[in-house]
Amino acid sequence: MNIQFQLCGLSILILLIIFYNSHKTLHLYKERVFYAVLCIITASLSGDILSLVVIYFREILPILLVEMVCKLYLASLVLGAWSALEYVFTDVIGESKHVKLTRWMILLVTAQSVLILLLPVHIYDSEGKVYTYGPSVIVVYIFVALYILSTLAVTFVLRKKLNPRIRFAIVLWMLIWIASAVAQFLNDGLLIVGFASAIGVLILAVIIENPEANLERKLGCFNSYALTEYLNQLFERKKSFSIMEISFENTILLEEMGMDIDEILRRILPLLSRYNDIFVFKNINLSLILISENREELESAAKAILDDAGRSEIYRKTAMLIIMEHTDDFSDMDNLMRFFSFVRSEREEEKGMLIFTDESMVTRFKQKNLIEQEISDALAEDRVEVFLQ
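Residues numbered from 1 in each chain as written. Predicted model: local features only at pLDDT ≥ 70, side-chain atom pairs only at ≥ 80, totals over all residues. Heavy atoms only, no water.

A. Seen up close, the overall build of the protein. Broken down by element type, the protein carries 14 helices and seven strands. The buried share of the protein, taken over its 389 residues, is 46%. By sequence separation, contacts in the protein at least 24 residues apart represent 70% of the contacts at least 6 residues apart. Of the accessible surface of the protein, which amounts to about 20500 Å², a share of 60% is contributed by carbon and sulfur atoms. (Helix = DSSP H or I, 4+ residues; strand = E, 2+ residues; numbered from the N terminus. Buried < 20%, exposed > 50% of the residue type's maximum accessible area, 1.4 Å probe, protein only. Contact = heavy atoms within 4.5 Å. Areas by Shrake-Rupley, 256 points an atom, 1.4 Å probe, with all protein chains shown as cover.)

This is how it looks when you write it as structure tokens:
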């Protein structure tokens, strides 16, 4: 059996699955879509190997079983090409629209799979070459070609909305897939389409979906990029959540005591490891951001930090812990982070204490924003007049 390429590809995909499951993830919608693509391609490549096995033993197996396995593998090729198109759309439309689109596309790919299962398939096994041919295979080539061309078309038309790295990875994957399909079409004994799909998923994993890219390497928590992605998803879903910021304002005192921010944060993070419902991020302003849908757990974590901090002078003189129990008044990350900055400036004397935000703080913040916006608009529209007395 000529399954060397398939086994190599399957080994790559299994390693990717192990690697992906061994890392912390935020369970973002896009991450789940990528994982679905990974599983679909893995199942397709497994089907490729299984179809060659049943063909090899077809003399002792029912012919209907052999043909059904071959057809299921062919249908999985269409499903794999469809999954690439679905993945591209995650970067250009919101989650709710993508879910609706996926439902319609599932109906389409199901109808295509049924057609593949109904059409006849033939098996060639001679002179060391094993492959399938017939109407079912021809339909698969057509459907896969349409999905690949659609993926390339979407990537080109919406190139300004797409992340450049996603654009590069998807185009490279599709070109590898096209080249392998052409090579296999010209040489029926060269079974490399499945291996090419594995290489495509590997490209996505390395360039875009590497879980390490979301982690702060020195600390092991999530980084500011992951914070942006996670908050954007929460706001898009209109989910209520609680958030806490831990910041250290007096950097001069830290330097005098011979300590840096990372050293202090490394002391805090082990205290948070037992809270499974809390995601911890390091923000770009060197603060820690804790997010949870469980308000009580977030408060418990804050108290644990304060209990530990009570024994350290550095905490009492530099740390500010701010908890916002409900974020319903905000709809984007920028305003939320500016609100924390506003609270820090307003309550700067309350270091080493746990500060709970309230509606009055939010009201004052919005009034301040409104005044600043009015002044900015007046300056932009040249409506400011200066009188010297």
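B. Structural context of the nonpolar core. Within the largest apolar cluster, 58 residues are counted, with the highest numbers of intra-cluster contacts made by Trp173, Trp177 and Val201. Contributions of two or more residues to this core are made by α1 (4-21), α2 (29-56), α3 (63-89), α4 (95-118), α5 (135-157), α6 (164-186) and α7 (193-207). In terms of residue count, the dominant contributor to this core is α3 (twelve residues). With sequence-adjacent residues up to four places away left out, Trp173 is seen in contact with Val37, Ile41, Ala84, Ala196, Ser197, Gly200, Val201 and Leu204. In this structure, Phe222, Leu231, Phe340 and Phe365 belong to the second largest nonpolar core, which totals 31 residues. (Core = buried A, V, L, I, M, F, W, Y, C linked by side-chain atoms within 4.5 Å.)

C. A look at the pattern of salt bridges. Tallying each qualifying case throughout the model produces seven salt bridges. The closest approach of N and O atoms between Asp91 and Lys30, which form a salt bridge, is 3.3 Å. Of this pair, Asp91 sits in the loop between α3 and α4 while Lys30 sits in helix α2, and the two are 61 residues apart along the sequence. Where salt bridges share partners, they join Arg295, Glu296, Glu299 and Glu325 into one cluster. (Salt bridge = Lys/Arg side-chain N within 4 Å of Asp/Glu carboxyl O.)

D. Structural detail: α3. Between its first and last C-alpha atoms α3 spans 40 Å; for 27 residues at 1.5 Å apiece the expected length is 39 Å, and the two agree. Burial analysis of α3 places 20 of its 27 residues in the buried class, which makes it a mostly covered element. (Expected span 1.5 Å × (residues − 1).)

E. Seen up close, the packing of α2 against α4. Put simply, α2 and α4 touch, their axes get as near as 11 Å, and they point 30 degrees apart. Judged by the angle between their axes, α2 and α4 are roughly parallel. Here α2 and α4 pass one another in a crossing that is left-handed. Residues Tyr29, Arg32 and Val33 of α2 lie in contact with α4, whose contacting residues are Glu95, His98, Val99 and Thr102. In terms of residue class, the contact of α2 with α4 is made up of three nonpolar, two polar and two charged. (Axes fitted to C-alpha atoms, helices over the stretch in contact; angles between N-to-C directions. Parallel < 35°, antiparallel > 145°, perpendicular 65-115°, else oblique. Left-handed = near helix turned anticlockwise from the far one by under 90°. Nonpolar A, V, L, I, M, F, W, Y, C, P; charged D, E, K, R; others polar.)

F. Quick peek at the environment of Arg165. Assignment of secondary structure puts Arg165 in helix α6. Every residue in contact with Arg165, bar those within four places of it in the chain, is listed here: Ile207 and Ile208. Polar contacts involving the side chain of Arg165 include one to the main-chain carbonyl oxygen of Ile207, which spans 2.3 Å. (Polar contact = N/O pair within 3.5 Å; in protein donor to acceptor, adjacent residues only side chain to side chain.)

G. Representation of a negative patch on the surface. Taken together, the side chains of Asp328, Asp329, Asp358 and Glu359 define an acidic patch exposed on the protein surface. Following the sequence through the fold, Asp329 ends up in the loop between β6 (319-324) and α13 (333-346). Asp329 gets classed as partly exposed once you look at its relative accessible area, which sits at 31%. (Patch = residues over 30% accessible without salt bridge, like charges linked within 9 Å, V, L, I, M, F, W, Y side chains within 5 Å. Lys, Arg positive; Asp, Glu negative; His and termini not counted. Charge placed at Lys NZ, Arg CZ, Asp CG, Glu CD.)

H. A positive patch on the surface, seen in detail. Together, Lys97, Lys100, Arg103 and Lys161 line one region of the surface with positive charge. Under the relative-accessibility criterion, Lys161 is labelled exposed at 56%.

I. Focus on the sheet that holds strand β3 (residues 242-248). Strand order across the open sheet formed by five strands is β4-β5-β3-β6-β7, with mixed pairing between neighbours. Strands at the two margins of the open sheet, each flanked by one partner only, are β4 (279-282) and β7 (354-356). Going across the sheet, the axis of each strand differs from the next one's by a mean of 20 degrees, ignoring polarity. Note that β4 and strand β5 (residues 288-292) share four bridges and pair antiparallel. Paired with Val280 across the two strands is Leu290, which belongs to β5. Its contacts with the sheet place helix α10 (residues 261-272) against β3, β4 and β5, and it is angled at close to 145 degrees to β3. (Pairing = 2+ DSSP bridges.)

J. Seen up close, helix α8 (residues 224-237). Over its 14 residues, α8 extends 20 Å from the first C-alpha to the last, a length consistent with the 20 Å expected when each residue adds 1.5 Å. All of the buried residues in α8 are Ala226, Leu227, Tyr230, Leu231, Gln233, Leu234 and Phe235. Looking at the buried side of α8, the elements it contacts are α2, α4, β4, β5 and α13. The N-cap residue of α8 is Asn223: its side-chain oxygen and the backbone nitrogen of Tyr225 are 3.3 Å apart. Of the residues trailing α8, Lys238 is marked for its positive phi of about 55 degrees.

K. The arrangement of the pairing of β6 in detail. Counting buried positions over the six residues of β6 gives six, a clear majority of the element. Side chains of β6 alternate between two faces, with Ala319, Leu321 and Ile323 and Met320, Ile322 and Met324 buried alike. Across six bridges, β3 lies against β6 in antiparallel orientation. Paired with Glu245 across the bridge in β6 is Ile322.

L. Spotlight on the side chain of Ser242. For Ser242, the location among the structural elements is in strand β3. At a separation of 2.7 Å, a polar atom in the side chain of Ser242 contacts the main-chain carbonyl oxygen of Glu325. Once you skip the residues sitting within four places of it in the chain, Ser242 turns out to touch Leu290, Ile291, Ser292, Arg295, Leu298, Met324 and Glu325.

M. Quick peek at a nonpolar patch on the surface. Taken together, the side chains of Tyr141, Leu175, Ile178, Val182, Phe185 and Leu186 define a hydrophobic patch exposed on the protein surface, amounting to about 590 Å² of accessible area. With five residues, the single largest contributor to the nonpolar patch is α6. Secondary-structure assignment places Ile178 in helix α6. Residue classification places Ile178 among the partly exposed positions, given a relative accessible area of 32%.

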